[in-house]
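# Coordinates in review
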Amino acid sequence: MKRRSLLKGVAGAGALVATGVPVALAAPTDGTPLQFTPKAPKDPNPLKGELQKYPTCPYCGMSRTKFSHTRHLLHYEDDRVDGTCSLHCAAISLSLNIDRGPKAIYAADYSSSDEIKPMLNVDEATYLIGSRQKGTMSHRSKLAYRERRQAEAARKDHGGEVGDFDAALTAAYIDMAKDTVMIRKRRAEKRARMQKGK
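Presented here is a report on the structure given in the accompanying data block.

Cut-offs used in this document
Residues numbered from 1 in each chain as written. Predicted model: local features only at pLDDT ≥ 70, side-chain atom pairs only at ≥ 80, totals over all residues. Heavy atoms only, no water. Pairing = 2+ DSSP bridges. Helix = DSSP H or I, 4+ residues; strand = E, 2+ residues; numbered from the N terminus. Axes fitted to C-alpha atoms, helices over the stretch in contact; angles between N-to-C directions. Contact = heavy atoms within 4.5 Å. Expected span 1.5 Å × (residues − 1). Bend = angle between axes of the 7 residues up to and from the residue. Buried < 20%, exposed > 50% of the residue type's maximum accessible area, 1.4 Å probe, protein only. Polar contact = N/O pair within 3.5 Å; in protein donor to acceptor, adjacent residues only side chain to side chain. Patch = residues over 30% accessible without salt bridge, like charges linked within 9 Å, V, L, I, M, F, W, Y side chains within 5 Å. Areas by Shrake-Rupley, 256 points an atom, 1.4 Å probe, with all protein chains shown as cover. Salt bridge = Lys/Arg side-chain N within 4 Å of Asp/Glu carboxyl O. Lys, Arg positive; Asp, Glu negative; His and termini not counted. Charge placed at Lys NZ, Arg CZ, Asp CG, Glu CD.

### Comments concerning the sheet that holds strand β3 (residues 102-108)
Taken together, four strands build an open sheet; the order of strands is β2-β1-β3-β4 and the sheet is antiparallel. Both edges of this open sheet fall to β2 (81-84) and β4 (119-121), since each of them pairs with a single strand only. Each adjacent strand pair in this sheet contributes to an overall mean axis angle of 20 degrees, direction not counted. Looking at chain direction, strand β1 (residues 72-76) and β3 are connected through five bridges and run antiparallel. Bridging from a neighbouring strand, leucine 73 pairs with tyrosine 106 of β3. Across the sheet, helix α3 (residues 87-96) lies against β1, β2 and β3, angled at about 20 degrees from β1, the strand it touches most.

Have a look at this one:
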């Protein structure tokens, strides 16, 4: 490489760093892992019209309305927002946005009888972890309840363990390898069925 070209590249990178723009973001195409940075405009009020603004999970593509009972929403300190279908995908978002602190994290209130479950702050939620109730993107369900007594009542009927958000998030990370294998297998089977149907 010619010295002039090298210096030009270094100077350009230095200018970007000086302006506070991460060098990786300056690339004309996305790169890993920054392509997963939330790309929607900043949103200081993400719960207003949430499902219209964030209809699909950016990590798996699943409908957040269809999976409204397990959906999560991450509101980062810079007002970027990630709406996910599940705690599994919320855990992915938190990992990929490790330098972006969460202002608030919301989960669907599984105890609600509403067709579209309302959201609650995970700091106020109690999770039922590993019950016989079906999970989303995970072999082990992690469902948020508004009140601890509701989670305890569900545990009596469906088994599992009661814990806070940190316990549920830890379980999501512990399950990540097994869940990823399961999801890959299911998607491969679905693709094979679609190929046969052509």
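### Concerning helix α5 (residues 165-197)
In a regular helix each residue adds 1.5 Å, so 33 residues correspond to 48 Å; α5 covers only 42 Å between its end C-alpha atoms and thus falls short of that length. In α5, a bend of some 55 degrees at methionine 176 exceeds every other bend along the element. Among all positions in α5, only Phe165, Ala168, Leu169, Ala171, Ala172, Asp175, Met176, Asp179, Met182 and Ile183 are buried. For α5, the elements touching its buried residues are α3, β3, β5 (126-129), β6 (142-145) and β7 (161-163). Of the residues flanking the start of α5, the one acting as N-cap is aspartate 164, its side-chain oxygen 3.3 Å from the backbone nitrogen of aspartate 166.

### Things to note about the pairing of β2
Going residue by residue along β2, you find Val81 and Gly83 tucked away on one face and Asp82 and Thr84 tucked away on the opposite face as well. Summarising the sheet, β1 and β2 pair through four bridges and their orientation is antiparallel. Residue pairing across strands places histidine 75 opposite valine 81, the latter belonging to β2. From the end of β1 to the start of β2, which pair antiparallel, there are four residues, and aspartate 79 there has a positive phi angle of about 70 degrees.

### Overview of the sheet that holds β7
In a beta sheet, neighbouring strands pair by backbone hydrogen bonds and run either parallel or antiparallel. Spatial strand order, β6-β5-β7: three strands in an open sheet with antiparallel pairing. If you trace the sheet from one side to the other, it starts and ends with β6 and β7, each paired once. Across this sheet, the average inter-strand angle for adjacent strands is 30 degrees, counted without regard to direction. One ladder, built from four bridges, connects β5 with β6; its direction is antiparallel. Its bridge partner being in β6, threonine 126 is matched across the sheet by tyrosine 145.

### Examining a positive patch on the surface
A cluster of basic residues, Lys66, Lys134, Arg184, Arg186, Arg187, Lys190, Arg191 and Arg193, forms a positive patch on the protein surface. Topologically, arginine 186 is positioned in helix α5.

### Digging into the side chain of histidine 88
Mapping histidine 88 onto the fold places it in helix α3. Under the relative-accessibility criterion, histidine 88 is labelled buried at 6%. Beyond its immediate chain neighbours, meaning those up to four positions away, histidine 88 contacts Thr136, Met137, Met176, Asp179, Thr180 and Ile183.

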